[in-house]
Amino acid sequence: LAKTTQPISMDSYEGQEVNITCSHNNIATNDYITWYQQFPSQGPRFIIQGYKTKVTNEVASLFIPADRKSSTLSLPRVSLSDTAVYYCLVGDSSGGSYIPTFGRGTSLIVHP
Amino acid sequence: AAGVIQSPRHLIKEKRETATLKCYPIPRHDTVYWYQQGPGQDPQFLISFYEKMQSDKGSIPDRFSAQQFSDYHSELNMSSLELGDSALYFCASSFSSTSPGQGDTIYFGEGSWLTVV
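These numbers come from a predicted model, not from an experiment.

Caption draft 1: Structural detail: the state of the cysteines. Taken as a whole and judged by the stated rule, the model has 2 disulfides over all chains. Residue Cys22(A) pairs covalently with Cys88(A) via a disulfide, S to S 2.3 Å. Its torsion about the S-S bond being -75°, the disulfide of Cys22(A) and Cys88(A) is classed as left-handed. A residue pair is termed long-range when its members are at least 10 positions apart, and Cys22(A) in strand 2 (residues 18-23) and Cys88(A) in strand 8 (residues 84-92) qualify at 66 residues. Each member of the pair, Cys22(A) as well as Cys88(A), is classed as buried. Each disulfide pairs two cysteine sulfurs, and for Cys23(B) the partner residue is Cys91(B), the sulfurs being separated by 1.7 Å. Note on the Cys23(B) and Cys91(B) pair: the S-S dihedral is about -60°, so by sign convention the disulfide is left-handed. Of this pair, Cys23(B) sits in strand 3 (residues 19-24) while Cys91(B) sits in strand 9 (residues 87-94), placing them 68 residues apart in sequence.

Next comes the structure, spelled out in structure tokens:
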């Protein structure tokens, strides 16, 4: 079972770049890494997904080193509305199917 | 774009009662997941279905059951409710070309708030 470890909380200021790193030492060969954003009392919202190297979309970038034992979500120029909990998920393929498993997320607070 | 629809959004039940939550996945999605998120906690996987068959089972109590119907919507049935069942229940869906795979993008609904009093 691939488990993830993230910082419990982070603080930033508007306009700064925020990098949240997730450790997943036991990631399996076929596992993908997916990041979600969750606001209080709302469903997690898909941000980005990757397998290796770098992935970029309109809201974030995902950096994955060659050993894939960690990944870093990069949020450029954060705003107050980016204050949320961010989760890193690694697919659990041990049973031959995919169980998206949430670990402890990172509570990001963006200050004015 | 259509999203995952959950109903009801809020539900209040008394102890020992039964509750049913419904989930309507994104059109053409064939896989449904159920999660429970207690106050201040992270989402916990309960159960999943692929093509109307149970796919995986997580920390779902025996008092809970679920199924996926022919139209791919799913229902989570909770009986003998306890105070500790008060939580936000999420449904999520994805499209798996053959079977649930690691690269599937999973989309979550807004959740159903269950309060047991």
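More follows now that the structure is in view.
Caption draft 2: Seen up close, the sheet that holds strand 7 (residues 70-75) of chain A. All names here are of chain A. The strand order 2-7-6-5 describes an open sheet built from 4 strands, whose pairing is antiparallel. Sheet topology places strand 2 and strand 5 (53-56) at the edges, where each strand pairs with a single neighbour. Neighbour-to-neighbour, the strand axes of the sheet open up by a mean angle of 15°, direction not taken into account. Bridge count for strand 6 (residues 61-64) against strand 7 is 3 bridges, and the pairing is antiparallel. Residue pairing in the sheet places Leu62 in a bridge with Leu73 of strand 7.

Caption draft 3: Just the environment of Ala60(A), in detail. Within the secondary structure, Ala60(A) is located in the loop between strand 5 and strand 6. Other than its neighbours up to four places away in sequence, Ala60(A) contacts Ile47(A), Ile48(A), Val55(A), Leu73(A), Ser74(A), Leu75(A) and Pro76(A).

Reading the values: rules and limits
Residues numbered from 1 in each chain as written. Chains lettered and ligands numbered in written order. Predicted model: local features only at pLDDT ≥ 70, side-chain atom pairs only at ≥ 80, totals over all residues. Heavy atoms only, no water. Disulfide = S-S within 2.5 Å. Helix = DSSP H or I, 4+ residues; strand = E, 2+ residues; numbered from the N terminus. Buried < 20%, exposed > 50% of the residue type's maximum accessible area, 1.4 Å probe, protein only. Pairing = 2+ DSSP bridges. Axes fitted to C-alpha atoms, helices over the stretch in contact; angles between N-to-C directions. Contact = heavy atoms within 4.5 Å.

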